[in-house]
Amino acid sequence: MTMTTEQIRDYVLTYLQTTGCQILDQSPYHVTTKLSPEADKELTGRPFYWGFIERTQTEPETMSFLFVFDPEQYDAAELLKSENAEQERRSKLHAQLNQPVRSSGAVSGPQSESSGPPSGWVQPASAPQAEDSILGRYFGVVRPLPNVGPGRIQREHLHFGSPRLNSIFSAAKRGGSCVYLFEDPGQRQRVTLFPAAYEPWLGVCFKAEFACDMKREELHFIGVSLSSGRVDIHFRERLEGRELTPRLPENIHIEPTSLSLDQGREALEQALMSRLDAVDSSWAIEAHNRLQEELELIDAYYKDLLLEEDPEKKLSAQEQYGARRQEIRWQYEPRILVSAINCGIFHLRPDPLRQIDRYR
Amino acid sequence: MNTQREADLPKVEFDRSWYNQLDTRLGKGGPWDSWDLFSLAIQSEEAALVTDFEEMQCLKHLHGLEPLPHQTDTARKVLFEMRGRAILADEVGLGKTIEAGLILKEYLIRGLVRKVLILVPASLVLQWVRELNSKFGITATAQKKAHSWQSDIVVASMDTAKRDPHKEILLGQEYDLVIVDEAHKLKNKKTTNYQFMLKLRKKYCLLLTATPVQNDLDELFNLITLLKPGQLGRQGDFSANFVVDKRVVKNEDQLKGELAKVMIRNRRGDGQLNFTKRIVRNVPLQLSPEEQALYDGVTSFIKGQYQASGGNLSSMLSLVTLQREVCSSRDAVFVTLVNLSKKLAPDSPVRDQIWELVHVIKAIKENTKAEKTMELIREMNEKVIVFTEYRATQEYLLNYFRDRGLSAVPYRGGMNRGKKDWMMDLFRGKSQVMIATEAGGEGINLQFCRNMINFDLPWNPMRVEQRIGRVHRLGQQNDVRIYNLSTNGTIEEHILNLLHEKINMFETVIGSLDVILERFEKKHSLEKSLYKIMLESESDEELRKQVESLGQSLDSIKQEVISAGDSQEEEGNLEQLLGG
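What you are looking at is a predicted structure, and each value in this text was computed from that prediction instead of being measured.

Participant: For the overall build of chain A, give the residues involved together with the corresponding values.
Facilitator: A tally of regular secondary structure across chain A gives 11 helices and 11 strands. A buried classification covers 26% of the 360 residues belonging to chain A. Considering only contacts in chain A between residues 6 or more positions apart, those separated by 24 or more positions represent 71%.

Participant: Please set out the overall build of chain B residue by residue, giving values where relevant.
Facilitator: In terms of regular secondary structure, chain B is built from 25 helices and 16 strands. Put simply, chain B has 580 residues, and 39% of those count as buried.

Participant: Now, about the environment of N367(B): what can you tell me, with residues and values included?
Facilitator: All names here are of chain B. Checked against the element boundaries, N367 lands in the loop between α16 (349-363) and α17 (368-380). Residue N367 is classed as buried on the basis of its 20 C-beta neighbours within 10 Å. C-alpha separation for the pair N367 and L108, spaced 259 residues apart in sequence, amounts to 57 Å.

Participant: Run through the confidence of the model for chain A, naming residues and quoting values.
Facilitator: Residue and element names in this part refer to chain A. Within chain A, residue pLDDT values average 81, and 81% of them lie at 70 or more. Across residues 139-145, confidence stays below pLDDT 50; counting only partners more than four residues off in sequence or on other chains, it has 13 contacts. Considering only residues more than four positions removed or in separate chains, one finds that residues 355-360, a stretch of pLDDT under 50, has seven contacts.

Participant: So, the nonpolar core: which residues are in play, and what are the values?
Facilitator: With 135 residues, the main nonpolar core has I222(A), I118(B) and L207(B) as its most contacted residues. Sorting elements by how many residues they give to this core places strand β6 (residues 196-211) of chain A first, with eight residues. Core analysis: the next-biggest nonpolar cluster, separate from the first, contains 60 residues, V320(B), V384(B), F387(B) and M423(B) among them.

Participant: Please set out the sheet that holds strand β6 (residues 174-180) of chain B residue by residue, giving values where relevant.
Facilitator: Backbone hydrogen bonds are what pair the strands of a sheet, in a parallel or an antiparallel way. All names here are of chain B. Strand order across the open sheet formed by seven strands is β4-β5-β3-β6-β7-β2-β10, with parallel pairing between neighbours. Sheet topology places β4 (141-142) and β10 (263-264) at the edges, where each strand pairs with a single neighbour. Both strand β2 (residues 85-88) and β10 contribute to a ladder of two bridges, which runs parallel. Considered in β10, the bridge of L88 is made with I264.

Participant: Residue-level account of the domain arrangement of chain B, with values.
Facilitator: In terms of domains, chain B is made up of domain 1 (69-264), domain 2 (278-284 + 367-579) and domain 3 (285-363). The centre of domain 1 of chain B, based on its C-alpha atoms, is set 49 Å off from the matching centre of domain 3 of chain B.

Participant: With reference to specific residues and values, describe helix α13 (residues 289-308) of chain B.
Facilitator: All names here are of chain B. The end-to-end C-alpha distance of α13 is 28 Å, a good match for the 28 Å that 20 residues give at a rise of 1.5 Å each. What α13 keeps buried is the set E291, L294, Y295, V298, F301 and Y306. Axial view of α13: buried residues confined to an arc of 135°, hence all on one face. Set apart from the buried face of α13 by more than 90 degrees, the exposed residues are P289, S300, Q307 and A308. Lining the buried residues of α13 we find α14 (317-325), α15 (330-343), α16, α17 and α23 (526-536). G310 occupies a position one or two residues after α13 and carries a positive phi of about 75°.

Participant: Can you explain the interface of chain A and chain B? Please cite residues and give values.
Facilitator: Each partner contributes to the interface: chain A provides 70 residues, whereas chain B provides 61 residues. The element best represented in the side of chain A that touches chain B is strand β11 (residues 335-348) of chain A, accounting for 10 residues. Here the residues of the side of chain A that touches chain B are counted per class, giving 39 nonpolar, 17 polar and 14 charged. Bridge count between β11(A) and strand β1 (residues 11-14) of chain B: four bridges; the pairing is parallel. Looking at β1(B), one finds that L337(A) is bridged to E13(B).

Participant: Kindly report on the sheet that holds strand β14 (residues 433-436) of chain B, identifying the contributing residues and their values.
Facilitator: Residue and element names in this part refer to chain B. Taken in spatial order, the six strands make up an open sheet running β11-β16-β15-β12-β14-β13, and their pairing is parallel. Both outer strands of the open sheet, β11 (278-285) and β13 (408-411), are each paired with one neighbouring strand and no more. Direction aside, the axes of adjacent strands within the sheet are offset by 20° on average. Relative to strand β15 (residues 451-454), strand β12 (residues 384-387) runs parallel, the two being bridged by four bridges. Bridging from a neighbouring strand, V386 pairs with I453 of β15. Relative to the sheet, helix α20 (residues 461-471) contacts β12, β15 and β16 (480-487), its axis offset from that of β15 by approximately 160°.

Participant: Account for helix α1 (residues 5-18) of chain A, with residues named and values stated.
Facilitator: Under the 1.5 Å per step criterion, the end-to-end length of α1(A) is 20 Å for 14 residues, consistent within 8% with the ideal 20 Å. Of the positions making up α1(A), those classed as buried are I8(A), R9(A), Y11(A), V12(A), Y15(A), L16(A) and T18(A). On its buried face, α1(A) is in contact with β1 (22-27), β2 (30-34), α2 (37-43), β3 (64-68) and α6 (163-175) of chain A together with α2 (35-47) of chain B. Two residues or fewer after α1(A) comes G20(A), characterised by a positive phi angle close to 75°.

Participant: Which residues make up the packing of α6(A) against α2(B), and what are the values?
Facilitator: Across the interface, α6(A) lies against α2(B) with an axial gap of 8 Å and an inter-helix angle of 135°. It follows that α6(A) is oblique to α2(B) by the angle criterion. α6(A) and α2(B) meet at a crossing whose hand is left-handed. Contacts from F169(A), A172(A), K173(A) and G175(A) in α6(A) reach L37(B), L40(B), A41(B) and S44(B) in α2(B). Taken together, the residues of the contact of α6(A) with α2(B) sort by class into five nonpolar, two polar and one charged.

Participant: Residue-level account of the packing of α13(B) against α16(B), with values.
Facilitator: All names here are of chain B. Closest axis-to-axis distance for the α13/α16 pair is 9 Å, and the angle between their directions is 165°. One element, α13, and the other, α16, form an angle in the roughly antiparallel class. The two elements α13 and α16 meet at a crossing, and its hand is left-handed. Judged by residue contacts, E290, A293, L294, G297, V298 and F301 of α13 engage Q353, L357, V360, I361 and A363 from α16. Across the contact of α13 with α16, the residue classes break down as eight nonpolar, two polar and one charged.

Definitions and limits used
- Residues numbered from 1 in each chain as written.
- Chains lettered and ligands numbered in written order.
- Predicted model: local features only at pLDDT ≥ 70, side-chain atom pairs only at ≥ 80, totals over all residues.
- Helix = DSSP H or I, 4+ residues; strand = E, 2+ residues; numbered from the N terminus.
- Buried ≥ 20, exposed ≤ 12 C-beta atoms within 10 Å, placed from the backbone.
- Contact = placed C-beta atoms within 7 Å.
- pLDDT = per-residue confidence, 0-100.
- Core = buried A, V, L, I, M, F, W, Y, C linked by C-beta atoms within 7 Å.
- Pairing = 2+ DSSP bridges.
- Domains from an automatic or database assignment.
- Expected span 1.5 Å × (residues − 1).
- Arc of directions from axis to C-beta.
- Nonpolar A, V, L, I, M, F, W, Y, C, P; charged D, E, K, R; others polar.
- Axes fitted to C-alpha atoms, helices over the stretch in contact; angles between N-to-C directions.
- Parallel < 35°, antiparallel > 145°, perpendicular 65-115°, else oblique.
- Left-handed = near helix turned anticlockwise from the far one by under 90°.

Have a look at this one:
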């Protein structure tokens with residue numbers, strides 16, 4: 001699977017907003033941002049700098065980035081912008097030249113109205129661009145001098161698979177690993193007299209990796225009610241459409257739990273196991289066959305070598321044989337690895353009709 | 001409830017670190033993470049999820065790299081059929097590095113590989129690091145200190161890795177993937193290289209070499225034993241089943257079948273890998289009387305020195321350079337002469353001879369070659385790269401062109417990376433001409449330019465091929481036009497004759513040029529042989545004859561190598577075998 005440019009943009013903007021970064025400028029193709037301290041620590045890899053800031057209690061200077069989602073469109077828009085600016089500058093100049101000199105001194109050139117930059121764009125200084133184009137006329141493509149220092153805005157392309165996007169992905173994963181949330185009841189609950197009881201759920205998003213010499217992955221977001229013991233293997237759908245908030249809303253109380261956290265975990269793992277066992281296991285059988293074939297091949301190869309008279313040769317053959325057998329197992333042996341992307345406790349309004357038991 | 005699992009289902013391992021984390025936070029009452037980030041985390045995991053065992057993921061993750069079809073096919077085959085242990089034996093220039101990069105990237109994305117060791121010749125370490133980073137977005141470390149080995153992906157030279165103390169560190173590790181570039185250095189079982197590789201613990205392994213067999217079929221057996229011992233049976237079985245003589249195969253189809261399970265070899269001319277044509281034009285030039293005088297003066301000076309030294313070739317190298325430079329430009333000769341005279345005692349009689357030559361140089365007003373080059377460039381009116389061997393010639397040409405209103409950019413080995421890139425950009429952009437002294441090394445990919453001028457010729461055919469390879473490569477849409485400047489009545493004429501008529505190297509790509517040269521140079525290097533001929537022949541006629549006989553022996557080796565590729569019955573059907 002992959003992500004579209006639009007999905008990437010939405011993702012990154014959500015990340016920046018959630019972590020409190022300052023959005024300086026944005027378009028469908030880019031966003032310019034000054035990172036919050038939180039995001040800077042996650043993304044820029046400057047542990048020494050942050051260590052220094054914290055020890056000396058200095059005001060931190062976070063880094064700024066120009067994240068470009070669609071370089072072609074962005075550059076085209078920038079070019080258009082600088083051309084417009086250039087034209088504007090020229091027409092102003094032209095107007096000034098044609099202006100009769102007045103004794104009053106104040107030269108009020110006609111403001112060009114026709115060729116302003118498209119709205120929604122923050123206008124950068126056009127001087128460096130003009131300079132670029134003059135140099136460019138003589139030298140073709142010119143590498144601009146690296147702009148260093150606090151005012152520097154580093155440009156990075158965020159396409160799927162780019163290192164920066166991957167670092168944002170991992171930052172989101174680190175920053176969103178463990179939650180404790182309540183369903184927001186909205187206006188209704190505040191005006192009603194009857195307190196509502198919320199059901200506590202343990203929800204875990206599992207990742208199952210089916211691995212041999214190749215690999216396939218599945219996500220299973222499963223939840224178990226810690227009060228009733230009910231398991232919902234479509235926990236994600238259960239959460240969909242509900243507003244979640246970190247604070248216990250007014251007029252709400254929580255049903256007592258009957259399962260411990262550990263029992264909840266067990267219930268989830270068991271539900272997951274039966275899901276995994278139901279998956280077509282031909283991949284594992286095939287991998288196992290490959291493993292056997294490979295083992296037979298080296299058995300045949302080392303048979304004679306292991307019977308060497310010379311003890312030194314024999315020892316080295318034994319070592320090689322053992323190592324090679326281990327490598328083959330390492331490479332081919334089918335196994336399923338289960339880890340969790342993230343997890344949490346979710347307090348949810350019970351289903352209006354409790355009879356829908358999704359547990360199979 | 002289904003609690004009893006069947007025995008043949010794969011075992012399931014649970015990573016329960018999430019539970020401990022949640023338990024701890026519950027105990028402390030927090031801190032709790034944001035729901036937005038929680039959702040984002042699932043969203044990106046979902047986007048990066050590998051949903052299929054056998055669908056290549058890496059292409060979705062790569063931007064700015066468009067692998068050629070044969071490269072993706074190769075990667076796919078190695079991943080899904082060969083299961084990650086393979087010899088990549090493409091001919092030079094077809095992108096073995098790209099193939100290895102794709103495979104590495106795919107394994108990284110799938111989380112099947114974390115710890116990687118890449119062993120390459122020392123001179124290529126930085127190039128690999130750079131390419132992995134720029135083309136594949138893979139951060140690799142160039143091994144410098146002992147702690148470099150801690151990094152997940154390390155590029156190191158084989159010579160370093162196999163020595164203590166590094167060897168012990170590496171043999172104590174387990175590598176998910178080991179890549180060896182120039183793997184023909186592993187062909188001999190007895191070498192430390194080979195023994196080291198045998199002991200290295202690895203899950204997947206890629207061996208890259210353009211010449212999996214150079215001399216002997218056993219080399220192939222040894223390489224494969226590193227990957228998959230037993231694939232070709234035991235050593236004895238292999239010899240009995242497949243080998244007639246060192247270079248002669250029997251049961252070829254069966255062997256081909258076995259090889260195809262562990263080795264992929266793409267060749268030029270295979271299907272889609274058709275290269276455009278090379279069109280060669282030799283441009284004979286007549287030196288002006290002054291230039292001819294210099295040439296003759298230098299020649300007799302060198303011969304005199306050679307005789308005075310009693311025929312000692314090794315002491316003559318700088319003088320031989322002089323002879324080659326005189327074919328290039330007077331500036332090149334001048335610099336070398338001045339340097340020579342600085343080294344001599346003030347009262348040495350040789351000094352006077354040198355100063356005489358300098359006077360001859362001063363008398364030269366025109367540069368026949370430069371004039372002709374200018375004329376050619378104006379005529380073609382397209383991008384063109386001019387190659388020269390000498391820095392002084394490069395400077396001269398830059399000035400010469402500038403004075404005549406033609407902008408040219410220089411390119412040389414000594415420039416740093418940034419400057420090289422810049423020069424490349426300039427040439428791609430506005431400049432019509434690039435003047436280069438270096439043809440080797442990465443980064444000079446000039447498929448947008450289809451003209452090249454050999455202002456002078458290297459005497460080493462590999463270097464000539466390197467030059468042509470910068471322009472005549474995959475991605476070149478047009479036929480490539482090669483202009484060779486050669487001055488009549490000079491050694492250059494003979495060299496050109498040798499390279500063009502005998503090796504025919506300008507017109508066809510010789511995939512096995514390195515093999516031909518290696519066999520020829522078992523006795524002497526080609527360059528040395530040429531020096532000797534040049535210094536010792538009494539007359540132009542003798543020179544011609546000697547070069548002729550050199551050409552004959554090159555030609556016969558070439559025929560041998562080619563026929564090895566063409567016929568199955570005759571001696572040596574190796575090329576055929578590998579071609580499969």
